[in-house]
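Per-entry structural report
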Amino acid sequence: MNIAVVGLSHKTAPVEVREKLSIPEPQIERAIAQLLSYPHVDEVAILSTCNRLEIYIVSQETTQGIHEVTQFLSEHSKLPIMSLRHHLFMLLHVDAVTHILRVAGGLDSLVLGEGQILAQVKNTHKLGQQFNGIKTILNRLFKQALTAGKRVRTETSIGTGAVSISSAAVELAQMKVENLSTNRVSILGAGKMSRLLVQHLISKGATQISIVNRSRSRAEELAKLFPEQPIQIHLLPEMMSVIAASDIVFTSTSSTEPILDRVKLETVLEPSHKLMIFDISVPRNVDVDVNDLANVKAFNVDDLKAVVAQNYESRRQMAQEAEKILDEEVEAFDIWWRSLETVSTISSLRNKIETIREQELEKALSRLGSEFGEKHQEVIEALTRGIVNKILHDPMVQLRAQQDVEARRRCMQTLQMLFNLDAEEQFS
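Residues numbered from 1 in each chain as written. Predicted model: local features only at pLDDT ≥ 70, side-chain atom pairs only at ≥ 80, totals over all residues. Heavy atoms only, no water.

Labelled according to an unreviewed UniProt entry, the protein chain appears under the name Glutamyl-tRNA reductase, originating from Dolichospermum compactum NIES-806. Regarding the protein chain, the UniProt comment filed under Subunit (unreviewed entry) reads as follows: "Homodimer." Its UniProt record, at the heading Catalytic activity (unreviewed entry), says of the protein chain: "(S)-4-amino-5-oxopentanoate + tRNA(Glu) + NADP(+) = L-glutamyl-tRNA(Glu) + NADPH + H(+)". (UniProt positions renumbered as here; feature names shortened; annotations may be inferred.)

1. Description of empty space enclosed by the protein
According to the stated counting rule, one finds three cavities of 30 Å³ or more in the structure shown. By volume, the largest cavity is sized at about 70 Å³. Surrounding the largest cavity, Thr49, Cys50, Asn51, Arg52, Ser109, Leu110, Glu114, Gln116, Ile117, Gln120 and Met193 form its lining. Element by element, the count of residues in the lining of the largest cavity is highest for helix 6 (residues 116-130), at three residues. The residue makeup of the lining of the largest cavity, split by class, is four nonpolar, five polar and two charged. Space inside the second largest cavity adds up to approximately 40 Å³. Lining the second largest cavity, in full, are His93, Val94, Val97, Val330, Phe333 and Asp334. Elements supplying a minimum of two residues to the lining of the second largest cavity: helix 5 (94-104) and helix 13 (305-339). Considering every element that reaches the lining of the second largest cavity, the biggest residue donor is helix 13, with three residues. Here the residues of the lining of the second largest cavity sort into four nonpolar, one polar and one charged. (1 Å grid on protein atoms, 1.4 Å probe; cavity = no way out; pocket = protein on both sides within 12 Å on 5 of 7 lines; lining within 4 Å. Points joined across faces, edges and corners; volume = space filled by probe spheres on them. Helix = DSSP H or I, 4+ residues; strand = E, 2+ residues; numbered from the N terminus. Nonpolar A, V, L, I, M, F, W, Y, C, P; charged D, E, K, R; others polar.)

2. Description of the pattern of salt bridges
Here the idea is simple: oppositely charged side chains can pair when their charged atoms come close. Scanning the entire structure with this criterion turns up 19 salt bridges. For the salt bridge of Glu155 with Arg151, the shortest nitrogen-to-oxygen distance reads 2.9 Å. Remark: Arg151 and Glu155 occur in helix 7 (residues 136-155); sequence separation between them is four residues, near one turn of the helix. Across the pair Glu360 and Lys363 runs a salt bridge whose closest N-O atoms are separated by 3.4 Å. Here Glu360 and its partner Lys363 are both found in helix 14 (residues 343-368), three residues apart, which amounts to about one turn of the helix. (Salt bridge = Lys/Arg side-chain N within 4 Å of Asp/Glu carboxyl O.)

3. With respect to the packing of helix 5 against helix 6
As a packed pair, helix 5 and helix 6 sit with axes 8 Å apart at the nearest point and diverge in direction by 130°. What the angle tells us is that helix 5 and helix 6 run oblique. Of the residues in helix 6, those touching helix 5 at Ile100, Val103 and Ala104 are Ile117, Leu118 and Val121. Its residues assigned to classes, the contact of helix 5 with helix 6 comprises six nonpolar, no polar and no charged. (Axes fitted to C-alpha atoms, helices over the stretch in contact; angles between N-to-C directions. Parallel < 35°, antiparallel > 145°, perpendicular 65-115°, else oblique. Contact = heavy atoms within 4.5 Å.)

4. Thoughts on the nonpolar core
Ranked by size, the top nonpolar core spans 40 residues in total, and within it Ile165, Leu201 and Phe250 carry the most contacts. There are two domains that each give this core at least three residues, and those are domain 1 (2-162) and domain 2 (165-309). Not counting chain neighbours up to four residues away, the residues in contact with Leu201 comprise Val170, Leu180, Val185, Ile187, Ala206, Ile209 and Phe250. By size, the runner-up hydrophobic cluster in this structure holds 38 residues, among which are Val5, Tyr56, Ala96 and Phe142. (Core = buried A, V, L, I, M, F, W, Y, C linked by side-chain atoms within 4.5 Å. Buried < 20%, exposed > 50% of the residue type's maximum accessible area, 1.4 Å probe, protein only. Domains from an automatic or database assignment.)

5. What to know about the pairing of strand 1 (residues 2-9)
Of all eight residues in strand 1, seven are buried, a share of seventy percent or more. Two elements, strand 1 and strand 3 (residues 52-59), share eight bridges in a ladder whose sense is antiparallel. Note on strand 3: the bridge partner recorded for Gly7 is Glu54. Pairing of strand 1 with strand 4 (residues 89-92), which is carried by four bridges, proceeds in the antiparallel orientation. Looking at the pairing, Val6 lines up with Met90 of strand 4. (Pairing = 2+ DSSP bridges.)

6. Notes on the layout of surface pockets
Approximately 1,200 Å³ is the volume attributed to the largest pocket. The wall of the largest pocket is formed by 40 residues, among which Met193, Ser252, Thr253, Ser254 and Val282 lie closest to the centre. Those elements that provide at least two residues to the lining of the largest pocket are strand 2 (43-49), helix 6, helix 9 (192-203) and strand 6 (208-213). A per-element tally of the lining of the largest pocket places helix 6 first, with six residues. A per-class count over the lining of the largest pocket returns 19 nonpolar, 17 polar and four charged. Each of domain 1 (2-162) and domain 2 (165-309) contributes no fewer than three residues to the lining of the largest pocket. Its volume calculated, the second largest pocket comes out at about 380 Å³. Lining the second largest pocket are 16 residues, with Glu19, Lys20, Thr256, Glu257 and Pro283 positioned closest to its centre. Mapped onto the lining of the second largest pocket, the elements with two or more residues apiece are helix 1 (15-21) and helix 3 (62-77). Residue composition of the lining of the second largest pocket, grouped by class: five nonpolar, five polar and six charged.

7. A word on the side chain of Arg18
The topology assignment puts Arg18 in helix 1. Here the side chain of Arg18 touches Cys50 through a polar contact of 3.4 Å, landing on its backbone oxygen. Setting aside its immediate chain neighbours within four residues, Arg18 contacts Ser9, His10, Ala13, Cys50, Asn51, Val282, Val301 and Asp302. (Polar contact = N/O pair within 3.5 Å; in protein donor to acceptor, adjacent residues only side chain to side chain.)

8. A word on the UniProt feature "site: Important for activity" (unreviewed entry) in the protein chain
What UniProt calls "site: Important for activity" (unreviewed entry) maps, in this numbering, to His99. Tracing the backbone shows His99 in helix 5. In this structure His99 comes out as buried when scored by relative accessible area, which is 10%. In this view, His99 contacts Arg52, Glu54, Tyr56, Phe89, Leu91 and Asp108; residues no more than four positions away in its chain are not counted.

Here is the structure:
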């Protein structure tokens with residue numbers, strides 16, 4: 001068995017490619033089912049965010065498994081494999097393990113130290129379990145990743161400053177205007193990203209904020225989180241009139257198609273009206289043709305790199321501290337992984353001893369005769385099971401505890417020879 005990850009991120013693909021591979025949460029169940037239907041995919045988990053799509057698999061035939069995942073991605077995105085491959089990365093085993101731990105720790109994010117990614121990794125774990133994609137190996141891997149991510153955030157200060165796409169977008173807006181407090185700001189969407197936008201906008205001095213959302217109740221719930229700042233609530237039919245009255249627009253909706261384009265904007269905007277749009281959604285909410293309008297300037301997630309660069313230098317030392325933590329967590333997973341090769345030997349030993357116990361118990365009970373009560377039989381059954389468990393306990397604990405690969409294999413060979421076991425190695 002081996003672990004592999006196939007994916008792409010802000011480092012390997014522009015947003016116009018990433019949005020084609022995005023798998024919204026409602027589609028995760030179907031995607032996992034399709035991937036599990038392939039003959040060389042035994043376990044699977046899908047991490048899909050605005051800046052990455054990564055598919056983790058466990059496979060006995062890694063090369064075939066990766067090929068099947070690549071074929072799935074091509075079908076899903078409708079991109080030819082040859083053009084898609086240019087943007088994909090493929091990591092095997094220890095590199096795949098290290099990668100997911102770095103992702104969970106925020107060290108592979110567009111914004112170094114981003115906090116939101118840990119919740120996204122946690123959700124990937126939950127959905128993978130819910131839809132039967134995650135079993136023993138990926139379950140352990142994602143638990144290790146979550147532990148690593150939590151340690152990075154509690155044992156380092158890497159999460160200070162602009163540490164999310166939302167905060168970076170607000171900082172970029174602040175770089176483009178003299179004073180946020182004098183600008184009318186509207187936010188399309190009322191999800192978690194929008195909540196973070198409001199939080200950062202208020203901290204930067206914004207005082208005129210409107211939220212446009214399909215559901216009034218969800219928008220009102222968001223507004224209630226910020227009682228110190230009056231927030232205007234609007235429904236979707238009012239969207240264009242709200243935008244027409246805004247200086248800055250942030251878009252963060254789950255729409256899979258652009259909700260703003262040149263035609264819609266030029267029908268509501270005065271020719272002299274200057275408007276900046278910050279689209280932090282993937283797939284994008286804003287069509288690229290809006291930049292054809294003379295006084296409209298649109299930015300997407302790939303335009304946040306200037307803000308990211310400013311914050312990166314101050315966090316580089318903290319990132320080095322975080323790497324040490326991740327090295328410890330990778331080693332912990334590796335120790336567990338290497339202990340898996342003892343499973344078949346331990347299982348064979350226990351099965352053999354249990355067979356002997358059952359055979360000898362049956363002989364003893366037959367000699368005792370039918371007058372021997374059922375209650376007495378249960379006592380003897382429990383007694384023999386207890387003896388077997390106590391005899392096997394120390395050898396099993398010691399075998400699993402052997403961290404040296406050669407020492408552990410010598411122990412397994414000795415057990416197989418002494419007890420005449422026929423144990424096949426299940427993990428290599």
